[in-house]
Amino acid sequence: MPDLRLAGGDVLLHDGIWRVVRGDVTVRDGTIQAVGRTDGRADQDATPVSVRDCRGCLVIPGLVQAHVHLCQTLFRGLADDLRLEDWLVRRIWPLEAAHTEETVYASALLGAAELLLGGTTAILDMETVRHTGAAFRALERMGIRATAGKCLMDAHPEGAPIDLAESTDDALADAEALARRWHGAADGRLRVCFAPRFVPSCSGPLLRAASDLAERFDAQLHTHAAETIVERETVLRTTGLEEIAYLDSVGIAGPRAVLAHCVWVDTHEMKRLARQGTTVVHCPSSNLKLASGVAKVPELLAAGCRVAIGADGAPCNNGLDAFAEMRLAALIQKPRLGADALPAAQVLELATLGGARALGLEDEIGSIAPGKRADLVVLDLSEPHLHPLLGDPVSLIVYSARSSDVRDVFVDGRPVVLGHELLTAPVDHIVREADRAAAELHRLAKLS
Ligand SMILES: [Zn+2]
């Protein structure tokens, strides 16, 4: 008998195409048991069943963001209107270097709260060099599904400041210790990834060893690639190889590898990424705000690449809103390639199934189907901006819905948001602590 029933909503299913059925989603032990009409027998069973009335609501799979930096949530508004290279050197690296256990914890709580309240149930996260254990403790408390990794940087002085760079051995030892502690924690909800920042910050041996560790721990590799033309040229000059070929040469390729951005890749590199089964994460707000460019997502998809979506970090976005990223992802391709360039249905796949595959969890999350984990989002359809309801529900999600329409969120069948309220930690406390911690960081970082 189920222990949770989402009753009477319009449930969004995916079986090659998106379609909606009106009925119940029943959940047992964190797993989706059935979708469709139920006869109410569960209510008569001795097992207490929690029934959530979802009439008038749309029940969708939890959204997945495959590239975020929760350690940067406290930097929101502190690094505006800069191109990537200045943004990193003048703002993000000094702020990351100033982080303490307490500020990393506060930053992760704030980010996870925003994500859950906005319907994102799973993330691939890159933290900073130090205190990643504090981020995991925050993620454990908040109830979000997260694959997170400490940032690996050993290439001082070319690509890492002295106060963030570690020795290759220290970086790898810390990453391995985190994997031993956190990979598979919270009944599998938390996983570790190995996260070299990007090629200019990392030595070849560090990248190779990160790839070997990912293999050994059955974990994902998470890095940035081809974000700006400067990065592309730097990698070519320092390694003698194009960036995607270089990453391949050090083992950052294939279904474990997740590359954020890939704005500056040529057609032959797209084909290589597709052959490898590497995931590209599209971060449209970040790419626009840092003036990096527009990733050729329709071309990547046409080449057969795996693509997911992510908000990146609060200081380059400045939000962590999956609905905003979906809408923008669809819109920014249209002037270049035509109005049908990246349709809503495809964008929603990037934010669900694409993200699940990026995390290596395609059998567990990304769609509503019996046997999958019950990571579910209930959208309240009562607001005027969602009416009339005659159209395609997928269009409604991608083009009209907002994160504020998220009424309930379940991860592993556990309610983490109900009636727009976060259940796992008090939001007033989270924002108060975040404000205090951000002020402290701002003071410590001595920004120019
Ligand atoms: Zn990033």
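Residues numbered from 1 in each chain as written. Predicted model: local features only at pLDDT ≥ 70, side-chain atom pairs only at ≥ 80, totals over all residues. Heavy atoms only, no water.

K.L.:
Quick rundown of a nonpolar patch on the surface? Include the residues and the values.
P.N.:
A surface patch of nonpolar side chains, about 220 Å² in accessible area, is lined by Ile 229, Val 230 and Trp 264. Tracing the backbone shows Ile 229 in helix H7 (residues 229-239). (Patch = residues over 30% accessible without salt bridge, like charges linked within 9 Å, V, L, I, M, F, W, Y side chains within 5 Å. Areas by Shrake-Rupley, 256 points an atom, 1.4 Å probe, with all protein chains shown as cover. Salt bridge = Lys/Arg side-chain N within 4 Å of Asp/Glu carboxyl O. Helix = DSSP H or I, 4+ residues; strand = E, 2+ residues; numbered from the N terminus.)

K.L.:
Got a sec to walk through the coordination of the zinc ion? Specific residues and values, please.
P.N.:
Distances from the zinc ion to its protein donors, namely His 67 (NE2), His 69 (NE2), His 224 (NE2) and Asp 312 (OD), fall within the range 2.0 to 2.3 Å. Note that the zinc ion binds 4 donor atoms; their angles at the metal cover 87 to 175°, and the shape is irregular. In the primary sequence, the donor residues of the zinc ion line up as H-x1-H-x154-H-x87-D. Residue His 224 is found in strand E11 (residues 220-225), and its partner Asp 312 is found in the loop between strand E14 (306-309) and helix H12 (322-337); the two are separated by 88 residues along the sequence. (Donors = N, O, S within 2.8 Å, 3.2 Å for Na, K, Ca; no water. Tetrahedral: all angles 85-135°; square planar, octahedral: opposite > 155°, others 65-115°.)

K.L.:
Can you break down the packing of aromatic side chains residue by residue, with the values?
P.N.:
The final tally for this structure, using the stated rule, is 2 aromatic pairs. Relative to Phe 217, the ring of Phe 194 lies with its centre 5.9 Å away and its plane at 40°, an arrangement referred to as tilted. Placement of the pair is Phe 194 in strand E10 (residues 190-196) and Phe 217 in helix H6 (residues 204-217), with a sequence separation of 23 residues. On the accessibility criterion, Phe 194 (1% relative accessible area) is buried. On the accessibility criterion, Phe 217 (15% relative accessible area) is buried. Over the ring of Trp 182 we find Arg 181; its NZ or CZ atom is 3.8 Å from the centre of that ring. (Phe/Tyr/Trp six-rings, centres within 6.5 Å; stacked < 30°, edge-to-face > 60°. Buried < 20%, exposed > 50% of the residue type's maximum accessible area, 1.4 Å probe, protein only. Lys NZ or Arg CZ within 6 Å of the ring centre and 35° of its normal.)

K.L.:
Lay out the packing of H12 against helix H14 (residues 393-400) in plain terms, naming residues and giving numbers.
P.N.:
Running from N to C, H12 and H14 cross one another at 95°; their axes reach a closest spacing of 7 Å. The angle between the axes of H12 and H14 places the two elements in the roughly perpendicular class. Every residue of H14 that contacts H12 at Phe 323, Met 326, Arg 327, Ala 330, Leu 331 and Lys 334 is listed here: Ile 397, Val 398 and Tyr 399. For the contact of H12 with H14, a count of residues per class yields 7 nonpolar, no polar and 2 charged. (Axes fitted to C-alpha atoms, helices over the stretch in contact; angles between N-to-C directions. Parallel < 35°, antiparallel > 145°, perpendicular 65-115°, else oblique. Contact = heavy atoms within 4.5 Å. Nonpolar A, V, L, I, M, F, W, Y, C, P; charged D, E, K, R; others polar.)

K.L.:
So, the pattern of salt bridges: which residues are in play, and what are the values?
P.N.:
All chains considered together, the criterion is met by 28 salt bridges. Its salt-bridge partner being Asp 174, residue Lys 150 comes within 3.0 Å of it at the nearest N-O pair. In this pair, Lys 150 sits in the loop between strand E8 (145-149) and strand E9 (151-152) while Asp 174 sits in helix H5 (residues 168-182), placing the two residues 24 residues apart along the sequence. Judged by its relative accessible area of 2%, Lys 150 falls in the buried class. Under the relative-accessibility criterion, Asp 174 is labelled partly exposed at 29%. The shortest N-O distance in the salt bridge between Glu 433 and Arg 436 comes to 2.9 Å. Linking Glu 433 with Arg 436, this pair stays in helix H15 (residues 427-445), spanning 3 residues, or about one helical turn.

K.L.:
So what's going on with the pairing of strand E5 (residues 57-61)? Which residues, and what values?
P.N.:
In terms of residue burial, E5 counts as a mostly covered element, since 5 of its 5 residues are buried. When strand E1 (residues 4-14) meets E5, the two strands line up parallel, connected through 2 bridges. When the bridges of E5 are listed, Asp 10 appears paired with Leu 58. Bridge count for E5 against strand E15 (residues 376-380) is 5 bridges, and the pairing is antiparallel. Paired with Leu 58 across the two strands is Leu 379, which belongs to E15. (Pairing = 2+ DSSP bridges.)

K.L.:
Go over the side chain of Arg 197, please, and point to the residues and values.
P.N.:
The residue Arg 197 is located in the loop between E10 and H6 in this model. Look past the residues within four positions of Arg 197 in its chain and what remains in contact with it is Gln 72, Leu 88, Ile 92, Trp 93, Glu 96, Met 126, Cys 151, Leu 152, Met 153, Cys 202, Thr 223 and His 224.

K.L.:
Can you tell me about the pairing of strand E2 (residues 18-28), naming the residues and giving the values?
P.N.:
In this sheet, E2 lies alongside E1 in antiparallel orientation, the contact comprising 9 bridges. Bridging across to E2, Leu 6 finds its partner in Val 25. In this antiparallel pair of consecutive strands, E1 and E2, the connection spans 3 residues, and Gly 16 shows a positive phi of 90°. Bridge count between E2 and strand E3 (residues 31-36): 5 bridges; the pairing is antiparallel. Across the sheet, the residue bridging to Val 25 is Val 35, located in E3.

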